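Coordinate inspection notes
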Amino acid sequence: MTTSILNYIGSKKSLLIFLDHVFNKEIIKEVNTKNMIFMDGFAGSGIVSKYFNRKYDLINHSNDLEYYSFVINYALLKCEYNDKIKNIIELCNNLELKSGLITENYSEEGKEKRLFWTIENSKKADAILFYLHNEHDSHNITDDELMFLKASLLSNLDKVANTASVYGAFLKNYKSASLKPLILEPIHNDTNIKNRELNKIFNEDVNNLTENNYDIIYLDPPYNGRQYSANYHPLNYVAKYDTNIEIYGKTGLIKNSNKSKYCISREVKKSFTDLINNLKAKYILLSYNNEGLMSSDEIKEILQNKGKTTLYKYKYKKFKSQKTQEDDNVFEYLYVCKVGKQGNYSIIELDSLT
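Residues numbered from 1 in each chain as written. Predicted model: local features only at pLDDT ≥ 70, side-chain atom pairs only at ≥ 80, totals over all residues. Heavy atoms only, no water.

1. Some words on the layout of surface pockets
The volume enclosed by the second largest pocket comes to roughly 190 Å³. Broken down by element, the lining of the second largest pocket gets its largest block of residues, three residues, from helix H9 (residues 233–240). When the residues that make up the lining of the second largest pocket are grouped by side-chain class, the tally is four nonpolar, seven polar and three charged. (1 Å grid on protein atoms, 1.4 Å probe; cavity = no way out; pocket = protein on both sides within 12 Å on 5 of 7 lines; lining within 4 Å. Points joined across faces, edges and corners; volume = space filled by probe spheres on them. Helix = DSSP H or I, 4+ residues; strand = E, 2+ residues; numbered from the N terminus. Nonpolar A, V, L, I, M, F, W, Y, C, P; charged D, E, K, R; others polar.)

What follows is the structure, given as structure tokens:
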């Protein structure tokens, strides 16, 4: 069973074993997780949601403010792979190239000569998107099938993007990976997604989802001032593929894009406080690190007011693009708050997970 994911800043792919270690230590041993609702509030590439969906018998809820993330998480948690999907993918890989919105706006063939993707890969993406939308409009493919195939295209376009991991800017010269041909492959080949009918996917500001009741909510908000809407704007464009979207500037930023308060130093503490105070959950898990906009003391105070809180600190290697200092290690923080419980704040440092 495979899953293709984005090369995503802040991805927890390398830290899943850490999250699972703490999950087992704090929660699994105390409760029966069957039919419990696990909410991933800042789902990003969906790596955490999919991991817990496969391993535990949880009802998964997933949310992210960015539309490309919504599409990907929907595909991971709601759309099963089947022979029809397989056949559509094979057909898409043999379509005649076609110039369209991606070619015009994100390749060097366009007026602005942006180099996010090669002309050939842009035209293949356009051909696929034209075909998928036409088939969907003709009711030959369902809503779920369209989401699965769009998510697959996003994942595979990311593999041949001419960027340095994020899309804030394109590279001046094509890197070797971007010269490889775009090949559409399924984002996953899971034919039996646990609780597929009960899983829910949201495309909201997480602070607007506090009316729901969750057993476990996992929060992995942005740590710094880099807005994901700017860092991944071409993926939002691909996911929406709408002629009404206005873009501007050298890199083709989308006008009126999202601005998360979790990326704004003067706003983040209030937003986080409001979120935690209003959440209805039994357990709150928060990923953060020692280089974030909020200090550990601020987070401690906010969470401890909600319930008994333990901070797990895990030392790991920095993401390659973050290695700007001599020390290439960073601490990942995972706070576990048992809502409504009383007890002293504690810190547990982990150098290994064995």
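2. What about the packing of aromatic side chains?
Within the structure shown, the criterion is met by 27 aromatic pairs. Aromatic side chains Phe23 and Phe38 sit 6.2 Å apart centroid to centroid with 80° between the ring planes, which places their arrangement in the edge-to-face category. Here Phe23, found in helix H1 (residues 16–28), pairs with Phe38, found in strand S1 (residues 36–40); they are 15 residues apart in sequence, far enough to count as distant. With respect to burial, Phe23 and Phe38 carry one shared label: buried. These aromatic residues form a ring-pair network of at least three members: Tyr8, Tyr68, Tyr106, Phe116, Trp117, Tyr167, Phe170, Tyr228, Tyr232 and Tyr237. The ring of Phe130 carries Lys98 above its face, with NZ or CZ at 4.8 Å from the centroid. Over the aromatic face of Phe331 sits the side chain of Lys313, whose NZ or CZ is 5.3 Å from the ring centroid. (Phe/Tyr/Trp six-rings, centres within 6.5 Å; stacked < 30°, edge-to-face > 60°. Buried < 20%, exposed > 50% of the residue type's maximum accessible area, 1.4 Å probe, protein only. Lys NZ or Arg CZ within 6 Å of the ring centre and 35° of its normal.)

3. A closer look at the pairing of S1
Burial runs high along S1: five of the five residues are buried. Side chains of S1 alternate between two faces, with Met36, Phe38 and Asp40 and Ile37 and Met39 buried alike. Two strands pair when backbone bridges link them, and S1 and strand S2 (residues 58–63) are joined in this way by five bridges, in the parallel orientation. The partner of Phe38 across the bridge, within S2, is Asn60. Each parallel crossover has a hand, and the one from S1 via helix H2 (residues 47–55) to S2 is right-handed. When S1 meets strand S4 (residues 213–219), the two strands line up parallel, connected through three bridges. Residue pairing for S4: Met39 is matched across the bridge by Ile217. (Pairing = 2+ DSSP bridges. Right-handed = clockwise from strand over helix to strand, strands pointing away.)

4. Observations regarding empty space enclosed by the protein
Enumeration over the complete set of coordinates arrives at one cavity of 30 Å³ or more. Considering only enclosed or pocket space, the largest cavity measures out at about 30 Å³ in volume. Listing elements by their share of the lining of the largest cavity, those giving two or more residues are H1 and H2. Partitioning the lining of the largest cavity into residue classes produces seven nonpolar, no polar and no charged.

5. Focus on the nonpolar core
Note on soluble globular proteins: their nonpolar side chains tend to be buried together. Core analysis: the biggest nonpolar cluster contains 53 residues, and Trp117 and Leu153 have the highest contact counts within it. Filtering out sequence-adjacent residues up to four positions away, Leu153 remains in contact with Ala125, Ile128, Leu129, Leu182, Leu184 and Val238. Listed in part, the 29 residues of the second largest apolar core include Tyr262, Leu275, Leu311 and Tyr333. (Core = buried A, V, L, I, M, F, W, Y, C linked by side-chain atoms within 4.5 Å. Contact = heavy atoms within 4.5 Å.)

6. Remarks on the pattern of salt bridges
What the rule picks out here adds up to 15 salt bridges. Among the salt bridges present, the one from Lys50 reaches Asp190, with a minimum N-O distance of 3.2 Å. In this pair, Lys50 sits in helix H2 while Asp190 sits in the loop between helix H7 (143–159) and strand S3 (200–202), placing the two residues 140 residues apart along the sequence. In this structure, the salt-bridge partner of Glu349 is Lys313, at a minimum N-O distance of 3.7 Å. On the criterion of sequence distance, the pair formed by Glu349 in strand S10 (residues 346–350) and Lys313 in strand S8 (residues 307–317) is long-range, its members being 36 residues apart. Assessed through its relative accessible area of 15%, Lys313 is described here as buried. Linked by salt bridges that have partners in common, Lys12, Asp220 and Glu332 make up one network. (Salt bridge = Lys/Arg side-chain N within 4 Å of Asp/Glu carboxyl O.)

7. As for the pairing of S4
Along any regular strand, the residues point their side chains to alternate faces of the sheet. Most of S4 sits out of view: six of its seven residues are buried. Sheet topology places S4 next to strand S7 (residues 280–289); six bridges connect them, and they run parallel. Each bridged residue has a counterpart across the sheet, and for Leu219 the counterpart in S7 is Leu286.

8. Some points on the packing of helix H3 (residues 67–78) against H9
Between H3 and H9, whose axes approach to 7 Å, the crossing angle comes to 60°. Judged by the inter-axis angle, H3 sits oblique to H9. Here H3 contributes Tyr67, Tyr68 and Val71 to the contact with H9, which in turn contributes Leu235, Asn236, Ala239 and Lys240. Across the contact of H3 with H9, the residue classes tally to five nonpolar, one polar and one charged. (Axes fitted to C-alpha atoms, helices over the stretch in contact; angles between N-to-C directions. Parallel < 35°, antiparallel > 145°, perpendicular 65-115°, else oblique.)

9. Regarding the state of the cysteines
Here the structure, examined in full by the defined rule, presents zero disulfides. Cysteine Cys79 remains unbridged, with the sulfur of Cys92 as its closest cysteine sulfur at 15 Å. Cys79 sits in the buried class, given a relative accessible area of 3%. (Disulfide = S-S within 2.5 Å.)

10. Concerning H1
With 13 residues, H1 ought to run about 18 Å at 1.5 Å a step, yet its terminal C-alpha atoms sit only 16 Å apart, falling short of that. Taken together, the buried positions of H1 are Leu16, Phe18, Leu19, Asp20, Val22, Phe23, Glu26 and Ile27. (Expected span 1.5 Å × (residues − 1).)

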